[in-house]
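As a plain string of letters, each chain reads:
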Amino acid sequence: MALEKIPTRCTFTIKVQSGLNMSGNPVYKTYNYSNVKTDAADANIYAVASGLGALQSLPVISYSKADYSQLVDMI
């Protein structure tokens, strides 16, 4: 069985700390960016995410990337 992985979409997320709750625990907010080119290099995505993160007034906690693919059985 020949299996092919076809990239379908890519997204990245910037997570920031937006404050504290009544118990003093951090509250987080996420900004999601979709329609990222599936062949974009991780370093390039990080450069864009960190550039956008630098514009935030809130402290950035993390950057995440998610790749989605379709698996197709090539008969």
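The sections below set out a description of the structure shown in this document. This structure is a prediction, so every number in the text was calculated from the model and none was measured.

The next subject is unusual backbone geometry. One non-glycine residue, asparagine 35, adopts positive backbone phi at about 65°. On the secondary structure map, asparagine 35 appears in strand β2 (residues 26–36).

This part takes up the sheet that holds β2. The strand order β2-β1-β3 describes an open sheet built from three strands, whose pairing is antiparallel. Only two strands of the sheet have a single partner each, and these edge strands are β2 and β3 (60–74). Going from strand to strand, the sheet's axes swing by 25° on average, the running direction of each strand aside. The sheet contact formed by strand β1 (residues 2–20) and β3 spans 14 bridges and is antiparallel. Across the sheet, residue phenylalanine 12 finds its bridge partner in β3, namely lysine 65. In this fold helix α1 (residues 42–54) packs onto β1, β2 and β3, with an angle of close to 20° to the strand it touches most, β1.

Rules and cut-offs
- Residues numbered from 1 in each chain as written.
- Predicted model: local features only at pLDDT ≥ 70, side-chain atom pairs only at ≥ 80, totals over all residues.
- Heavy atoms only, no water.
- Helix = DSSP H or I, 4+ residues; strand = E, 2+ residues; numbered from the N terminus.
- Pairing = 2+ DSSP bridges.
- Axes fitted to C-alpha atoms, helices over the stretch in contact; angles between N-to-C directions.
- Contact = heavy atoms within 4.5 Å.

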